[in-house]
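One letter stands for each residue in the lines below.
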Amino acid sequence: QVQLVESGGGLAQPGGSLRLSCAASGSIFSINVMGWYRQAPGEQRELVADMPGGGSAAYADSVKGRFTISRDNAKNTVYLQMNSLKPEDTAVYFCRLTFGRNVYWGQGTQVTVSS
């Protein structure tokens, strides 16, 4: 079984920063994509950023230039550095791991941006 454990959410002021982490454990194929999605109340879940192992990152237009995704493949961990946070970034952030036809989700971590 594959498990994803997220950490790092919380409350930030507009313009502030937060860093999310997601550690994957279990039987994970080495060729995979790890990424972050978010879901605000009443909205659909949307891609924030993702990155294949050894590949280039892809970002949603709304976070380009503010968020940075990175990976530590040796630790099967993906990070999301979020800078210049805005109130509209408020959402539950979910980590996702895919390899082959397998898709795994973390439990989600709340990010709230408010003064």
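Scroll up for the structure.
Sequence order as written defines residue numbering, which begins from 1 separately in each chain. The predicted nature of this model means local features are confined to residues of pLDDT at least 70 and side-chain atom pairs, given and counted, to a pLDDT of 80 or more, with totals for whole chains, interfaces and linings taken over all residues. With hydrogens and water excluded, all non-hydrogen atoms of the structure serve as input to the side-chain values.

*Asks:* Describe the nonpolar core, naming the residues involved and giving the relevant values.
*Replies:* By convention a nonpolar core is built from buried Ala, Val, Leu, Ile, Met, Phe, Trp, Tyr and Cys residues, the set being connected through side-chain atoms within 4.5 Å. A simple rule labels every residue: compare its accessible area, found with a 1.4 Å probe on the protein chains alone, to the largest value its type can have, and call it buried under 20%, exposed over 50%, or partly exposed in between. In this structure, Trp 36, Val 48, Phe 67, Leu 80, Met 82, Tyr 93 and Leu 97 are the most contacted members of the largest nonpolar core, which totals 28 residues. Runs of H or I in DSSP of at least four residues are treated as helices and runs of E of at least two as strands, each being numbered from the N terminus. Elements with a minimum of two residues in this core: β3 (18–25), β4 (33–39), β5 (46–52), β7 (67–72), β8 (77–82), β9 (91–99) and β11 (109–113). With five residues, the top contributor of residues to this core is β9. In this analysis, two residues are considered to be in contact whenever any of their non-hydrogen atoms come within 4.5 Å of each other. Discounting chain neighbours no more than four positions away, the residues touching Leu 97 are Val 2, Leu 4, Ala 24, Ile 28, Asn 32, Val 33, Met 34, Asn 102, Val 103 and Tyr 104.

*Asks:* Quick rundown of the state of the cysteines? Include the residues and the values.
*Replies:* Two cysteine sulfur atoms make up a disulfide if the distance between them is within 2.5 Å. Evaluated as defined, the whole model comprises one disulfide. Covalently, Cys 22 is tied to Cys 95 through a disulfide, its sulfur atoms 2.1 Å apart. Note on the Cys 22 and Cys 95 pair: the S-S dihedral is about -80 degrees, so by sign convention the disulfide is left-handed. Taken together, the residues span a long stretch of sequence, with Cys 22 in strand β3 and Cys 95 in strand β9 at a distance of 73 residues. With relative accessibility at 0%, the residue Cys 22 sits in the buried group. Look at Cys 95 and you get buried, because its relative accessible area is 0%.

*Asks:* Provide a residue-level description of the environment of Ala 49, including the pertinent values.
*Replies:* Within the secondary structure, Ala 49 sits in strand β5. Ignoring any residue separated from it by four or fewer positions in sequence, one finds Ala 49 in contact with Gly 35, Trp 36, Ala 58, Tyr 59, Ile 69 and Leu 80.

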